[in-house]
Amino acid sequence: MKTILTICLSLSLLQCAQAQTSDGASQHKTIFKDLNAAYGIVDVTYSQPSINSTALPGMGILFGAVLNDFWVAGLHIDFSSTSKLSMGNPPVEVVNPRYNYLFAGLHNEFLIAPESVVSLSFPIKIGMGNVTYTDRYYEGISSARLDQETFFVAEPGVKMNVNLWKHVGFTAGAGYRITAGVDRAGSESDFNQAVYHVGLRCKFWE
């Protein structure tokens, strides 16, 4: 038993010695301790999610920071709208319906070879989705909200990024939206569908 303990202790000391450089600094890097912000990005995209198999044209915007050239962390907002969907059974005659979808949440994106002219990345968005159903009544001139609902949204995906110039690039991709907590706006299966987007990526402070 003593021999085994002696061998284990010797191996541990040897491993610690090998992990130190001549000036005593560790050679091992960690993901978070050595994380440095490389530059900031803003993505402005045309997005087209679907709800209940109906396309909702809209816009998306990402404010993010690229960390160590492999990870984007930031805030993502999507907004889309259509007049071809309804929500619930409003007790009024609907004149000018508008079905709005809003997403706001955290954006994490893992980059592969972002310095290349063409590269891939794997984003995932996690946050809250909100649906509002509005209409303009016969009797009035102001838009009225008939119903709304908020629920959880997660959206993993894949993107292709093309560096056009140093500070401007092209981005396109697709994701799959996963929801939980949908009740009044329909069912979760109505929202669990593919999302497509295309747009520009602007780089700052690079």
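Residues numbered from 1 in each chain as written. Predicted model: local features only at pLDDT ≥ 70, side-chain atom pairs only at ≥ 80, totals over all residues. Heavy atoms only, no water.

A few points about the nonpolar core
Next, step 1: Of all hydrophobic cores here, the largest spans 14 residues; its most connected members are Ile51, Tyr99, Tyr101, Val131, Phe151, Ala185 and Phe191.
Next, step 2: Put simply, the parts of the chain that give this core at least two residues each are β5 (98-112), β6 (118-136) and β7 (143-163).
Next, step 3: If one sorts the elements of this core by residue count, β5 sits on top with 3 residues.
Next, step 4: Ile41, Val66, Val72 and Leu111 belong to the second largest nonpolar core, which has 6 residues in total. (Core = buried A, V, L, I, M, F, W, Y, C linked by side-chain atoms within 4.5 Å. Buried < 20%, exposed > 50% of the residue type's maximum accessible area, 1.4 Å probe, protein only. Helix = DSSP H or I, 4+ residues; strand = E, 2+ residues; numbered from the N terminus.)

Observations regarding the confidence of the model for the protein
Next, step 1: Counting all residues, the mean pLDDT for the protein is 83, and 77% of those residues have values of 70 or more.
Next, step 2: Low pLDDT (under 50) marks residues 17-26, which in the prediction has 8 contacts with non-local residues, meaning those over four places away or in another chain. (pLDDT = per-residue confidence, 0-100. Contact = heavy atoms within 4.5 Å.)

Considerations on a nonpolar patch on the surface
Next, step 1: A contiguous nonpolar patch, built from Phe110, Ile112, Val117, Val118, Leu120, Phe122, Val158 and Met160 and spanning about 690 Å² of accessible area, is present on the exposed surface.
Next, step 2: Elements that contribute at least two residues to the nonpolar patch include exactly β5, β6 and β7.
Next, step 3: Per-element tally for the nonpolar patch: the top contributor is β6, with 3 residues.
Next, step 4: Its place among the elements puts phenylalanine 122 in strand β6.
Next, step 5: For phenylalanine 122, a relative accessible area of 37% gives the class partly exposed. (Patch = residues over 30% accessible without salt bridge, like charges linked within 9 Å, V, L, I, M, F, W, Y side chains within 5 Å. Areas by Shrake-Rupley, 256 points an atom, 1.4 Å probe, with all protein chains shown as cover. Salt bridge = Lys/Arg side-chain N within 4 Å of Asp/Glu carboxyl O.)

Regarding the pairing of strand β3 (residues 58-67)
Next, step 1: Here β3 runs beside strand β4 (residues 71-82); their pairing, made up of 10 bridges, is antiparallel. The residue of β4 that forms the bridge with isoleucine 61 is isoleucine 77.
Next, step 2: The antiparallel hairpin formed by β3 and β4 contains 3 residues in its connecting segment, where asparagine 68 sits at a positive phi of about 55°. (Pairing = 2+ DSSP bridges.)

What about the side chain of asparagine 100?
Next, step 1: Looking at the secondary structure, you find asparagine 100 in strand β5.
Next, step 2: Looking at asparagine 100, the relative accessible area reads 13%, which means it is buried.
Next, step 3: Side chain to side chain, asparagine 100 and serine 81 meet in a polar contact 2.7 Å long.
Next, step 4: Filtering out sequence-adjacent residues up to four positions away, asparagine 100 remains in contact with Phe79, Ser80, Ser81, Asn130, Val131, Thr132 and Thr134. (Polar contact = N/O pair within 3.5 Å; in protein donor to acceptor, adjacent residues only side chain to side chain.)

Structural notes on the packing of aromatic side chains
Next, step 1: Throughout the structure, instances matching the rule amount to 3 aromatic pairs.
Next, step 2: Ring geometry for tryptophan 71 against phenylalanine 110: centres 6.3 Å apart, planes inclined by 5°, an arrangement best described as stacked. In this pair, tryptophan 71 is assigned in strand β4 and phenylalanine 110 in strand β5, connecting sequence segments 39 residues apart.
Next, step 3: Ring geometry for phenylalanine 151 against phenylalanine 191: centres 4.9 Å apart, planes inclined by 65°, an arrangement best described as edge-to-face. With a gap of 40 residues between them, phenylalanine 151 in strand β7 and phenylalanine 191 in helix α2 (residues 188-191) connect regions that are remote in the sequence.
Next, step 4: On the basis of relative accessibility, which here comes to 0%, the residue phenylalanine 191 falls in the buried class.
Next, step 5: Across from the ring centre of tyrosine 101, 5.2 Å away, lies the NZ or CZ of arginine 177, which sits over that ring. (Phe/Tyr/Trp six-rings, centres within 6.5 Å; stacked < 30°, edge-to-face > 60°. Lys NZ or Arg CZ within 6 Å of the ring centre and 35° of its normal.)

As for unusual backbone geometry
Next, step 1: For asparagine 52, which is not glycine, the phi dihedral falls at a positive 55°.
Next, step 2: Secondary-structure assignment places asparagine 52 in the loop between β1 (37-51) and β2 (54-55).
Next, step 3: Take asparagine 52: its relative accessible area is 43%, and that puts it in the partly exposed class.

Description of the pattern of salt bridges
Next, step 1: For the coordinates displayed, the defined rule picks out 7 salt bridges.
Next, step 2: Taking the shortest distance from any N to any O, the salt bridge between arginine 201 and aspartate 43 comes out at 2.7 Å. Taken together, the residues span a long stretch of sequence, with arginine 201 in strand β10 (residues 194-204) and aspartate 43 in strand β1 at a distance of 158 residues. Side by side, arginine 201 and aspartate 43 carry an identical accessibility label, which is buried.
Next, step 3: Linking glutamate 155 and lysine 125 is a salt bridge whose minimum nitrogen-to-oxygen distance equals 3.3 Å. Of this pair, glutamate 155 sits in strand β7 while lysine 125 sits in strand β6, placing them 30 residues apart in sequence.

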